[in-house]
Amino acid sequence: MKIDIHCHILPKSWPDLKERYGYGGWIQLHHHCQGKAKMMKDGKLFRVIDDNCWDPEARIKEMDATGVTVQALSTVPVMFSYWAKAEDTLDLCRIINDDLAATIAKHPTRFVGLCTLPMQAPALAAKELRRCVKELGFCGVQIGSHVGDWNLDAKELRPVFAVAEEVGASVFIHPWDMDMGGRMSKYWLPWLVGMPGETAVAICSMIFGGVLEEFPHLKVCFAHGGGAFPFTIGRIEHGFNVRPDLCAVDNQVNPRKYIGQLYTDTLVHDQKALRYLVDVIGEDRVCLGTDYPFPLGEHFPGKLIESMPDFSDALKVELSEKLETYCIVLVGQ
């Protein structure tokens, strides 16, 4: 059995959002040929996607071909729309969440859901999270690595984390809204190095800001192997020790203490990196995640895990199924 916690999906269609809300900046889907669609933003191409991004039947066919039993589904991060008017983002979130719930209802043994929320309005976000868990049966939420000018330590966001902890919702944190201009405008740098940096900022913010201390039972997983964080934990801890006046202003607990409290996916594309990740984060805290169905993802889910010559068969199974930890919570068993 393989449980893939990092998979993105979109509705096949949604209303014209510029017409619906009265201003631009939104993503629209244009089905321009059989099996493909263009994600457009204000008339400009953002990305071309295949039908496996919106068609559950096409997705299940590929899951069967690669041995994936269950996918945890979340929206594409560009749809977060934290920049927009809160009531409009809430409306879009409900469109996305309700569509996702309908997909899961048709295939309840193959998919579980992570909702999306209007995080720029924490009270609305907390209410929508509760609805998605209690009424739609979702097992968690996907949020961005920051919300506008707020890092994830922002006091404004605490009500959302409080509800997540209360209802047992898993929180999957995905990097987004990277610097796209200037020095970062070439070589796909925002995705190759911007995303790992974003994730490290998110983890450090939650640690240094005391979020994980305040919510010790919060189940938090970070995409892309936790980005740069696992590989810079020594530097982060050293900084905490030598400059507490800068690093320990909101939380006086050593950051390494929280290693056993957070999860990451396995998406690191390198045997040595995965070996180190498992060693640092813990065998019971690293979960199979592929970023399906996008190019930077792992194209054959679990191939890297299976290729590890020094991982026992039991460990390979644990990473792919994650018994009694984050993934098992996700699939509601």
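Report follows, based on the coordinates. (Residues numbered from 1 in each chain as written. Predicted model: local features only at pLDDT ≥ 70, side-chain atom pairs only at ≥ 80, totals over all residues. Heavy atoms only, no water.)

## So, the packing of helix H8 (residues 229-242) against helix H10 (residues 271-281)
Packing of H8 against H10 leaves a shortest axis separation of 9 Å and a crossing angle of 55°. As judged from the angle between their axes, H8 and H10 are oblique. Seen from H8, the contacting residues are Pro 230, Phe 231 and Ile 233; seen from H10, they are Ala 273, Tyr 276, Leu 277, Val 280 and Ile 281. Residues that form the contact of H8 with H10 fall into these classes: 8 nonpolar, no polar and no charged. (Axes fitted to C-alpha atoms, helices over the stretch in contact; angles between N-to-C directions. Helix = DSSP H or I, 4+ residues; strand = E, 2+ residues; numbered from the N terminus. Parallel < 35°, antiparallel > 145°, perpendicular 65-115°, else oblique. Contact = heavy atoms within 4.5 Å. Nonpolar A, V, L, I, M, F, W, Y, C, P; charged D, E, K, R; others polar.)

## A short note on the pairing of strand S7 (residues 140-144)
Within S7, 5 of the 5 residues are buried, which leaves the element mostly enclosed by the surrounding structure. The two faces of S7 match: Gly 140, Gln 142 and Gly 144 on one face and Val 141 and Ile 143 on the other face are all buried. Where strand S6 (residues 111-115) and S7 come together, 2 bridges link them in parallel fashion. Of the residues in S7, the one forming a bridge with Leu 114 is Gly 140. One ladder, built from 5 bridges, connects S7 with strand S8 (residues 170-174); its direction is parallel. From the neighbouring strand, Gln 142 faces S8, where its bridge partner is Phe 172. (Buried < 20%, exposed > 50% of the residue type's maximum accessible area, 1.4 Å probe, protein only. Pairing = 2+ DSSP bridges.)

## Side note on the packing of aromatic side chains
Applying the stated rule across the entire model yields 10 aromatic pairs. Both rings, one in Trp 26 and one in Trp 83, keep their centres 4.8 Å apart while their planes meet at 50°; by these two values the pair is tilted. You can see Trp 26 sitting in the loop between helix H1 (17-21) and strand S2 (27-33) and its partner Trp 83 sitting in the loop between strand S5 (70-74) and helix H3 (86-106), a full 57 residues away along the chain. Residue classification places Trp 26 among the buried residues on the basis of a relative accessible area of 3%. On the numbers, 5.1 Å between centres and 0° between planes, the contact of Phe 80 with Tyr 82 is stacked. (Phe/Tyr/Trp six-rings, centres within 6.5 Å; stacked < 30°, edge-to-face > 60°.)

## A few points about unusual backbone geometry
At the junction of Tyr 292 and Pro 293, the peptide bond is cis and its omega measures out at 5° in the coordinates. Mapping Pro 293 onto the fold places it in the loop between strand S11 (286-287) and helix H11 (303-307). Positive phi, close to 55°, is recorded for Asp 177, a residue that is not glycine. By the secondary structure assignment, Asp 177 is in the loop between S8 and helix H6 (189-208). A residue is classified by how much of its surface remains accessible, and Asp 177, at 47% relative accessible area, is partly exposed.

## Overview of the sheet that holds strand S4 (residues 44-50)
Strand order in this open sheet of 3 strands is S2-S3-S4, and the pairing throughout is antiparallel. Strands with a single pairing partner mark the edges of an open sheet, and in this sheet they are S2 and S4. Looking at each pair of strands side by side, their axes are set apart by 30° on average, direction ignored. Note that strand S3 (residues 36-41) and S4 share 6 bridges and pair antiparallel. Considered in S4, the bridge of Met 39 is made with Arg 47.

## Some remarks on the nonpolar core
The biggest cluster of nonpolar side chains holds 74 residues, and the ones touching the most others in it are Met 119, Leu 129, Ile 143, Ile 173, Met 206, Phe 229 and Leu 274. Examining the composition of this core, we find that 7 residues originate from one element, H6, more than from any other. Ignoring any residue separated from it by four or fewer positions in sequence, one finds Met 206 in contact with Leu 152, Phe 161, Ile 173, Val 211, Leu 212, Leu 218, Val 220 and Phe 222. Formed by 19 residues, the second largest nonpolar core is a distinct cluster that contains Tyr 21, Trp 26, Leu 29 and Met 39. (Core = buried A, V, L, I, M, F, W, Y, C linked by side-chain atoms within 4.5 Å.)

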